[in-house]
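What the coordinates show
Take a look at the letters that make up each chain.
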Amino acid sequence: MAGSLKERELSVKIYKKLQALGCPSVEGLFLREADGMKALLCTPSMHRLDILQWICTSICPPMKKRFSELKGPQPDSQIKELVQFCHEMLLCRQDDFDLIKGVSSPQRQLALLEQLVDVLPRDESEAGEPLSEQVCRNEALLKELFSSPHLQTMLHPTCNPWPVEIRELLSRREAAGQSSNTASKKSHNLPSKQREDSLKEVTESLQKTNTALEEIHKECVFLHSDPQSSGRSSTHLSPPALRLAIVDLSQLMTAFSQLYDSDFREYCNRAAPQLRESAEAFSTAHSLLAACTKELQALNQLSVTSLALTSTVEGQQQCRRFWSRGHMQSLPAKIEELKRRYKDFLCIYQRSRERMREESAGEKRDYRRE
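What about the pattern of salt bridges?
Applying the stated criterion across every chain yields a total of 8 salt bridges. Glu7 is the salt-bridge partner of Lys38, the closest N and O atoms lying 2.7 Å from each other. In this pair, Lys38 is assigned in helix α3 (residues 34–42) and Glu7 in helix α1 (residues 2–21), connecting sequence segments 31 residues apart. The buried category is assigned to Glu7, whose relative accessible area is 16%.

In structure tokens:
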């Protein structure tokens, strides 16, 4: 599926390029779907051969004479000429007739057409320019390039494109090479006694350096400790880790020193700024504004909560549920029903009390009469 989609996109691309270049075999066609364009470019037909012939003659105008010598429609001869041309362009094999006929896979056919269309000249001046003129123009361009003074600056730039670490290493090597050359030249010119004295001074300095290194090595316990014990304890460091840390530290110090020299030095030499009295007023206003912002946020949250609570209550009031008797009612209707029942109960209770009072009053009267 992905391959077919890619083939459709490539067919549309090639078809639009042919239209833009003014291919006569495509001018009268009004294809809008990708399948139709793919069928035109990948199906064996004389129309497809005419498109290939136009592309080849546009790339190489002398090919027109060869095709004009063919009498009548001769597809076999036409295919042979196209195969020979594509083989000379290193686009196919010498016996790859299926690719030109349109029998091979659409992917190969579209790849060939795309390569041929990319080789096509974009304007008439480029298409009609002879090969000798192109060679002369290219030779003039090369002469101008090699005679230009900017070529040496490009090959040997004053601004070295290496990174900072490699640049510093190269400069150190160059300085060391120059110093060694000058020292060797001077040593050859010096007499034997001075050479011996210089050798003694060098050996003494080397001995002092070795003794200092031995003392430092004794102080660094982790350098000559047991690797098993150093692997067990987390306080000891291995020599590779120390080397890596030293290299990282040197790189950071070099980068910081360069940044300090280029950007920070002028700012570090300035005097400290003097704060004005109005700074306290600004800080007070800022704290008051921050407190006001917090209060406004709290009020906003309160309004949002009240709106959510109101919507929840309204939903509860409008929602209908099943109650004890199995009737579906909303909460307000159920409350009204309970109120009505309560009122009826109160009426019955008051009537029963009045009857009981009347009965007790009648019994008292009867008792008094007796």
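Having seen it, we continue.
Considerations on the packing of aromatic side chains
What the rule picks out here adds up to 1 aromatic pair. Aromatic side chains Phe256 and Tyr260 sit 6.3 Å apart centroid to centroid with 25° between the ring planes, which places their arrangement in the stacked category. Taken together, the residues Phe256 and Tyr260, both in helix α15 (residues 239–268) and 4 residues apart, mark about one turn of the helix. Its relative accessible area of 24% is what places Tyr260 among the partly exposed residues.

Description of unusual backbone geometry
Unlike most non-glycine residues, Leu90 shows phi in positive territory, near 60°. By the secondary structure assignment, Leu90 is in the loop between α6 (75–88) and α7 (97–101). You can call Leu90 exposed: its relative accessible area is 73%.

Quick word on the side chain of Glu7
A polar side-chain atom of Glu7 sits 2.7 Å from a polar atom in the side chain of Lys38. Contact partners of Glu7, with chain neighbours within four places excluded, come to Lys38, Pro106, Gln107 and Leu110.

Some remarks on the environment of Ser77
Among the secondary structure elements, Ser77 is positioned in helix α6. For the pair formed by Ser77 and Phe67, sequence separation is 10 residues and the distance between their alpha carbons is 8.9 Å.

Focus: a nonpolar patch on the surface
Residues Tyr342, Phe345, Leu346 and Tyr349 make up a contiguous nonpolar surface patch of roughly 440 Å² in combined accessible area. Note that Tyr349 resides in helix α17 (residues 331–369). Given the relative accessible area of 43%, Tyr349 is considered partly exposed.

Examining the nonpolar core
Grouped together as the largest cluster of nonpolar side chains are 32 residues, with contacts concentrated most on Ile14, Leu18, Leu41, Ile55 and Ile100. In terms of residue count, the dominant contributor to this core is helix α4 (residues 46–59) (6 residues). Residues contacting Leu18, with those up to four places away along its chain left out, are Cys23, Val26, Leu41, Ile51, Trp54, Ile55 and Val117.

Here's the deal with the packing of α4 against helix α8 (residues 106–119)
Following both chains from N to C, one finds α4 and α8 inclined at 35°, their axes separated by 9 Å at the closest point. By crossing handedness, the relation of α4 to α8 is classed as left-handed. For the pair α4 and α8, the contacting residues are Arg48, Leu52, Ile55 and Ile59 in the first and Gln109, Leu113, Leu116, Val117 and Val119 in the second.

What to know about the packing of α3 against α8
Packed helices, taken two at a time, are described by the angle their axes make and the gap between the axes. Their axes nearest at 10 Å, the elements α3 and α8 cross at an angle of 80°. Accordingly, the angle class assigned to the pair α3 and α8 is roughly perpendicular. The residues of α8 that touch α3, namely those facing Lys38, Leu41 and Cys42, are Pro106, Gln109, Leu110 and Leu113. Of the residues assigned to the contact of α3 with α8, the class counts are 5 nonpolar, 1 polar and 1 charged.

Topic: a negative patch on the surface
Among the surface-exposed residues, Glu354, Glu358, Glu359, Glu363 and Asp366 lie close enough to one another that they form a single negatively charged patch. Tracing the backbone shows Glu358 in helix α17. The exposed category is assigned to Glu358, whose relative accessible area is 60%.

The rules behind each value
- Residues numbered from 1 in each chain as written.
- Predicted model: local features only at pLDDT ≥ 70, side-chain atom pairs only at ≥ 80, totals over all residues.
- Heavy atoms only, no water.
- Salt bridge = Lys/Arg side-chain N within 4 Å of Asp/Glu carboxyl O.
- Helix = DSSP H or I, 4+ residues; strand = E, 2+ residues; numbered from the N terminus.
- Buried < 20%, exposed > 50% of the residue type's maximum accessible area, 1.4 Å probe, protein only.
- Phe/Tyr/Trp six-rings, centres within 6.5 Å; stacked < 30°, edge-to-face > 60°.
- Polar contact = N/O pair within 3.5 Å; in protein donor to acceptor, adjacent residues only side chain to side chain.
- Contact = heavy atoms within 4.5 Å.
- Patch = residues over 30% accessible without salt bridge, like charges linked within 9 Å, V, L, I, M, F, W, Y side chains within 5 Å.
- Areas by Shrake-Rupley, 256 points an atom, 1.4 Å probe, with all protein chains shown as cover.
- Core = buried A, V, L, I, M, F, W, Y, C linked by side-chain atoms within 4.5 Å.
- Axes fitted to C-alpha atoms, helices over the stretch in contact; angles between N-to-C directions.
- Left-handed = near helix turned anticlockwise from the far one by under 90°.
- Parallel < 35°, antiparallel > 145°, perpendicular 65-115°, else oblique.
- Nonpolar A, V, L, I, M, F, W, Y, C, P; charged D, E, K, R; others polar.
- Lys, Arg positive; Asp, Glu negative; His and termini not counted.
- Charge placed at Lys NZ, Arg CZ, Asp CG, Glu CD.

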